[in-house]
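Summary of the model geometry
Listed here are the chains, written in short residue letters.
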Amino acid sequence: AQSVTQLDSQVPVFEEAPVELRCNYSSSVSVYLFWYVQYPNQGLQLLLKYLSGSTLVKGINGFEAEFNKSQTSFHLRKPSVHISDTAEYFCAVGRISGGYNKLIFGAGTRLAVHP
Amino acid sequence: GAGVSQSPSNKVTEKGKDVELRCDPISGHTALYWYRQSLGQGLEFLIYFQGNSAPDKSGLPSDRFSAERTGGSVSTLTIQRTQQEDSAVYLCASSNSGVARPNQPQHFGDGTRLSIL
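A short tour of the structure in this document, coming up. All figures in this text were calculated on a predicted structure; none of them were measured in a lab.

Residue and element names in this part refer to chain A. Structurally, the position occupied by Gly 62 is in the loop between strand S7 (56-58) and strand S8 (64-68). Along the primary structure Gly 62 and Val 81 are separated by 19 residues, whereas in three dimensions their C-alpha atoms are 8.8 Å apart. Those residues in contact with Gly 62 that lie beyond four places of it in its chain are Arg 77, Lys 78 and Pro 79.

Next comes the structure, spelled out in structure tokens:
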């Protein structure tokens, strides 16, 4: 069975500091990996995805993530955060099941950016 | 519209009542998903529709939950005899995934916040 672990439920950080949100997954088959962001009272917005190819994936809003197969990780990074990055971030692993991409989500990491 | 649309945005109802939540997916998207997000939790998969195929209902928590998708477009999630533990945000997503393109990302609506008194 697949699972996703987001190691930090909350991450406080000062504006313009770098940040890393950690995500580990378990799966016995090839997977696809996603990071989503959720702003208050909104749905989830796709930040970036890893399907295949280069293990360093760049997404929107200056975020990037690196797929590490040996460590089964897909950590999200940003070199300098803004106040507007304050949100909930979800890591998700997908695998093809019955011809579609079934996603399993982590519990989320709340990023709080302080001035 | 350009995105996934859900209605109502908020719903407050008494325990024991039935509720219907609506999702209008992105035009042309054949795949539609329902998730439940409880306070402080991740997303819990409920049900998946793909075109005219039989839906994957494996995530529905009880027989009080059901969903339909009419004409391959709009979907309605129905919860009968609501309980307080049904209080959550219900999110709908759509994608243009299919057998030929199974790994397409999902696009989410803003959700319906359901509160059971």
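Let us keep going from here.
Before going further, it helps to examine the state of the cysteines. For the coordinates displayed, the defined rule picks out 2 disulfides over all chains. Across the disulfide from Cys23(A) sits Cys91(A); the S-S distance is 2.0 Å. What sets the handedness of the Cys23(A) and Cys91(A) disulfide is the S-S torsion sign, and at about -65 degrees it is left-handed. One end of the pair, Cys23(A), is in strand S4 (residues 23-26); the other, Cys91(A), is in strand S10 (residues 87-97), with 68 residues separating them in the sequence. No difference in accessibility class separates Cys23(A) from Cys91(A), as the two residues are buried. The disulfide that involves Cys23(B) links it to Cys92(B), with 1.9 Å between the sulfurs. Negative torsions about the S-S bond denote left-handed disulfides, and the value of about -65 degrees found for Cys23(B) with Cys92(B) makes this one left-handed. Of this pair, Cys23(B) sits in strand S3 (residues 19-24) while Cys92(B) sits in strand S8 (residues 88-95), and the two are 69 residues apart along the sequence.

Moving on to the nonpolar core. Among the nonpolar cores identified, the biggest contains 28 residues, and Trp35(A), Leu48(A), Leu76(A) and Tyr89(A) are the most heavily contacted of them. Those residues in contact with Leu48(A), other than ones at most four positions away along the chain, are Leu33(A), Phe34(A), Trp35(A), Val57(A), Lys58(A), Gly59(A), Phe63(A), Glu64(A), Ala65(A), Phe74(A) and Leu76(A). Listed in part, the 20 residues of the second largest apolar core include Phe49(B), Leu60(B), Ala88(B) and Leu114(B).

What follows concerns the environment of Ser38(B). Looking at where Ser38(B) falls in the secondary structure, it is placed in the loop between strand S4 (31-37) and strand S5 (43-50). Along the sequence, Ser38(B) and Leu21(B) sit 17 residues apart, while their C-alpha atoms lie 16 Å from each other.

So, about the pattern of salt bridges. If you walk through the whole model with that rule in mind, you get 9 salt bridges over all chains. Among the charged side chains, a network of salt bridges with common partners joins Glu20(A), Glu66(A) and Arg77(A).

Moving on: the sheet that holds strand S7 (residues 75-79) of chain B. Residues and elements named next belong to chain B. Pairing is antiparallel in the open sheet, where 4 strands are placed in the order S1-S3-S7-S6. Strands with a single pairing partner mark the edges of an open sheet, and in this sheet they are strand S1 (5-7) and strand S6 (65-69). Across the sheet, the mean angle from the axis of one strand to that of its neighbour is 15 degrees, orientation sign disregarded. Examined bridge by bridge, S1 and S3 share 3 bridges and lie antiparallel to one another. Paired with Ser 7 across the two strands is Arg 22, which belongs to S3.

Criteria and thresholds
Residues numbered from 1 in each chain as written. Chains lettered and ligands numbered in written order. Predicted model: local features only at pLDDT ≥ 70, side-chain atom pairs only at ≥ 80, totals over all residues. Heavy atoms only, no water. Helix = DSSP H or I, 4+ residues; strand = E, 2+ residues; numbered from the N terminus. Contact = heavy atoms within 4.5 Å. Disulfide = S-S within 2.5 Å. Buried < 20%, exposed > 50% of the residue type's maximum accessible area, 1.4 Å probe, protein only. Core = buried A, V, L, I, M, F, W, Y, C linked by side-chain atoms within 4.5 Å. Salt bridge = Lys/Arg side-chain N within 4 Å of Asp/Glu carboxyl O. Pairing = 2+ DSSP bridges. Axes fitted to C-alpha atoms, helices over the stretch in contact; angles between N-to-C directions.

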